[in-house]
There are 2 protein chains.
Amino acid sequence: MKQRILVVDDEPEAVELVEFNLRQAGYAVSTAADGAEALKKARSQTPDLIVLDVMLPEMDGFEICKTLRLDAATANVPIIMLTAKAAEIDRVLGLELGADDYLTKPFSPRELLLRVKKILARSAPQEKAKEQLRFGDLMIDLPRHIATWKNKPIELTATEFKLLTILAQRAGRVQSRDQLLRDVWEYDSVIDTRTVDTHMRRLREKIGAAAKHLDTVRGVGYRFVE
Amino acid sequence: MKQRILVVDDEPEAVELVEFNLRQAGYAVSTAADGAEALKKARSQTPDLIVLDVMLPEMDGFEICKTLRLDAATANVPIIMLTAKAAEIDRVLGLELGADDYLTKPFSPRELLLRVKKILARSAPQEKAKEQLRFGDLMIDLPRHIATWKNKPIELTATEFKLLTILAQRAGRVQSRDQLLRDVWEYDSVIDTRTVDTHMRRLREKIGAAAKHLDTVRGVGYRFVE
DNA sequence: AGGCTTCGTCACCCAATCGTAACGCGTTCG
DNA sequence: CGAACGCGTTACGATTGGGTGACGAAGCCT
């Protein structure tokens with residue numbers, strides 16, 4: 001599966017150049033011309049890397065960078081800043097804001113690729129086999145056994161946590177009650193299927209607003225929607 | 001404790017400039033003027049970072065870099081390469097050889113500091129995690145086999161200490177009783193899982209106020225929280 | 001050998017958690 | 001249009017999981 005890179009720049013030529021080179025190198029590329037579009041795409045696509053120009057109309061690169069860092073969904077996406085000014089203050093700000101690297105324009109495509117490759121190589125191994133699930137403001141951390149909503153922890157019992165996890169891991173696909181009993185309660189369960197309902201209810205109660213992710217499919221079972 | 005940086009360059013002026021700025025920033029600095037000296041000091045002092053000029057008499061920066069990477073004692077020390085040539089090939093080589101970053105001369109002291117700080121910030125927490133753990137007023141010293149609370153020593157038995165250590169090293173992640181039995185008691189243990197409970201109790205008793213770090217996750221296991 | 005520490009196991013107890021039954025409401029279907 | 005059905009909701013008894021105290025065995029030191 002290709003890694004996705006979001007390129008943010010208001011100059012079409014610059015975007016084109018960068019996009020071409022990144023595609024050539026085998027990456028999937030999205031683009032955005034302004035801050036609003038950048039934030040929207042960053043959030044919806046959660047790319048593996050963002051190449052971000054500092055000079056943008058309305059919201060500049062620093063603003064975008066800050067905002068991205070504040071949102072749990074994009075806080076960990078590495079960012080490479082592009083700046084036309086060689087002025088050092090820009091660089092400092094760029095790095096201290098949480099950017100992972102920067103390039104001063106004009107830069108060679110080769111140098112860009114080098115930086116991109118390096119950053120991705122560093123962060124790739126961190127993508128531990130789905131140890132952490134994120135859906136908007138909802139976060140589920142398997143090893144920590146913690147679920148949070150808007151960074152606030154949700155108190156869940158062991159079964160509730162497992163139920164939520166199973167549903168979230170199969171996001172989009174409907175799970176029948178029998179299926180859930182097998183996966184959450186471990187097969188062999190001679191348990192009433194209505195038990196699932198009760199636990200779903202308790203789960204919904206506890207996760208509050210996040211309950212919107214939990215869909216009931218009448219006559220079939222339950223489904224986690226993103 | 002200050003972090004040590006080894007600066008390798010054959011031009012005394014360059015060394016002086018870099019050394020001054022790094023000291024100013026609070027780092028301990030060693031210097032070397034050629035490859036042989038660099039390798040020797042790198043091995044004997046195992047600095048936290050090496051700033052390495054490419055252009056050196058006899059053995060050049062690339063050679064040194066390769067050699068450092070081959071030696072287990074220095075394989076993981078981050079390296080920042082300095083190059084006077086803007087030629088890209090140098091950069092590529094520098095990064096592909098395992099250098100962690102590079103700077104082209106002339107560079108500003110501020111930019112160097114920025115890079116240094118960034119690299120150290122990335123690798124520092126990994127190193128610390130090995131010898132000494134700190135969580136607020138609680139300190140665990142692995143090599144000394146000592147734990148303290150507000151600088152006052154806590155008397156712990158061998159198993160208690162190991163249990164605490166394992167939990168602290170995996171801070172945040174829940175450890176099941178079986179997991180703990182395997183890691184603390186060494187696998188093969190035909191020990192009752194309830195034994196873990198007892199030791200947890202004794203541990204909590206002894207560490208007193210620090211017990212707030214030890215969380216019970218009902219139905220799952222135990223977790224060390226920061 | 002004797003006293004002390006450390007360790008593993010057991011038994012007891014309480015509270016959190018779980019499974020089930022019962023009730024009620026909206027939906028579906030004959 | 002009404003009965004059957006499916007699911008949410010509430011309530012409650014049963015179970016489980018883990019804290020706690022106690023005890024014997026093994027190791028360690030003097």
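For the structure, see preceding data.
Below or above, wherever it landed, is the structure these notes cover. Please read these numbers as outputs of a predicted model, since none were measured by experiment. (Residues numbered from 1 in each chain as written. Chains lettered and ligands numbered in written order. Predicted model: local features only at pLDDT ≥ 70, side-chain atom pairs only at ≥ 80, totals over all residues. Heavy atoms only, no water.)

1. Focus: the overall build of chain A
Moving on, step 1. Counting its regular elements, chain A contains 8 helices and 12 strands.
Moving on, step 2. Within chain A, the fraction of its 226 residues that count as buried is 46%.
Moving on, step 3. Carbon and sulfur atoms provide 51% of the accessible area of chain A, an area that totals close to 11800 Å². (Helix = DSSP H or I, 4+ residues; strand = E, 2+ residues; numbered from the N terminus. Buried < 20%, exposed > 50% of the residue type's maximum accessible area, 1.4 Å probe, protein only. Areas by Shrake-Rupley, 256 points an atom, 1.4 Å probe, with all protein chains shown as cover.)

2. Comments concerning the sheet that holds strand β12 (residues 221–224) of chain B
Residues and elements named next belong to chain B.
Moving on, step 1. Strand order in the open sheet formed by 3 strands is β10-β12-β11, with antiparallel pairing between adjacent strands. With one partner strand each, in any of the chains shown, β10 (175–176) and β11 (214–217) form the two edges of the open sheet.
Moving on, step 2. Relative to β12, β10 runs antiparallel, the two being bridged by 2 bridges. Looking at β12, one finds that glutamine 175 is bridged to tyrosine 222. (Pairing = 2+ DSSP bridges.)

3. Topic: the side chain of aspartate 9 of chain A
Residue and element names in this part refer to chain A.
Moving on, step 1. Counting through the fold element by element, aspartate 9 comes out in the loop between β1 (4–8) and α1 (12–24).
Moving on, step 2. Overall, the relative accessible area of 3% leaves aspartate 9 in the buried class.
Moving on, step 3. Among the polar contacts listed, one links the side chain of aspartate 9 to the backbone nitrogen of glutamate 11, at a separation of 3.1 Å.
Moving on, step 4. The contact partners of aspartate 9, leaving out residues within four places of it in the chain, are Ala14, Val15, Ala32, Ala33, Asp53, Leu56, Leu82 and Lys105. (Polar contact = N/O pair within 3.5 Å; in protein donor to acceptor, adjacent residues only side chain to side chain. Contact = heavy atoms within 4.5 Å.)

4. Quick notes on the protein's contact with DNA strand C
Moving on, step 1. Around DNA strand C lies a shell of 22 residues, among which Thr159 and Arg202 of chain A together with Thr157, Thr159 and Arg202 of chain B are the nearest.
Moving on, step 2. When atoms of DNA strand C within 4 Å of the protein are split into backbone and base, the sugar-phosphate part holds 68%.
Moving on, step 3. With respect to DNA strand C, the side chain of threonine 157 of chain A contributes an N or O atom lying 2.9 Å from a phosphate oxygen.
Moving on, step 4. Tallied by class, residues from the surface near DNA strand C come to 6 nonpolar, 10 polar and 6 charged. (Near = heavy atom within 4 Å. Nonpolar A, V, L, I, M, F, W, Y, C, P; charged D, E, K, R; others polar.)

5. Concerning the sheet that holds β1 of chain A
Residues and elements named next belong to chain A.
Moving on, step 1. Taking strand neighbours across the sheet as the criterion, the 5 strands line up as β2-β1-β3-β4-β5 in an open arrangement whose pairing is parallel. Each edge of the open sheet carries a strand with a single partner, namely β2 (28–32) and β5 (101–104). Adjacent strand axes in the sheet meet at a mean angle of 20°, parallel and antiparallel pairs treated alike.
Moving on, step 2. By the bridge criterion, 4 bridges tie strand β4 (residues 79–83) to β5 in an arrangement that is parallel. Note on β5: the bridge partner recorded for methionine 81 is tyrosine 102.
Moving on, step 3. Packed on one face of the sheet, α1 meets β1 and β2 and runs near 165° to β2.
Moving on, step 4. Seen against the sheet, helix α3 (residues 61–70) touches β3 (49–53) and β4 and runs at an angle of roughly 170° to β4. (Axes fitted to C-alpha atoms, helices over the stretch in contact; angles between N-to-C directions.)

6. A word on the protein's contact with DNA strand D
Moving on, step 1. Lining the immediate environment of DNA strand D, one finds 24 residues, of which Arg204, Thr216, Gly219 and Tyr222 of chain A together with Thr216 of chain B sit closest.
Moving on, step 2. One nitrogen or oxygen atom from the side chain of arginine 177 of chain A is found 3.4 Å from a sugar or linking oxygen belonging to DNA strand D.
Moving on, step 3. Between DNA strand D and the protein, one listed contact pairs a base nitrogen with a side-chain N or O atom of arginine 194 of chain B at 2.9 Å.
Moving on, step 4. Tallied by class, the residues present in the surface near DNA strand D amount to 6 nonpolar, 4 polar and 14 charged.

7. Quick word on the nonpolar core
Residue and element names in this part refer to chain B.
Moving on, step 1. Residues Leu156, Leu164, Leu167, Ile207, Leu214 and Phe224 are the most contacted members of the largest nonpolar core, which totals 29 residues.
Moving on, step 2. For this core, the elements supplying multiple residues, two or more each, are β6 (132–135), β7 (138–141), β8 (146–149), α6 (158–169), α7 (177–184), α8 (194–207) and β12.
Moving on, step 3. For this core, the element with the most residues is α6, which contributes 6 residues. (Core = buried A, V, L, I, M, F, W, Y, C linked by side-chain atoms within 4.5 Å.)

8. Describing helix α1 (residues 12–24) of chain B
Residue and element names in this part refer to chain B.
Moving on, step 1. In this model, α1 (13 residues) spans 18 Å end to end at C-alpha, consistent with the 18 Å of a helix rising 1.5 Å per residue.
Moving on, step 2. Buried residues of α1: Ala14, Val15, Val18, Asn21 and Leu22, and no others. Along the long axis of α1, the arc covered by the buried residues comes to 145°, so they all point the same way. Set apart from the buried face of α1 by more than 90 degrees, the exposed residues are Pro12, Glu13, Glu16 and Gln24. (Expected span 1.5 Å × (residues − 1). Arc of directions from axis to C-beta.)

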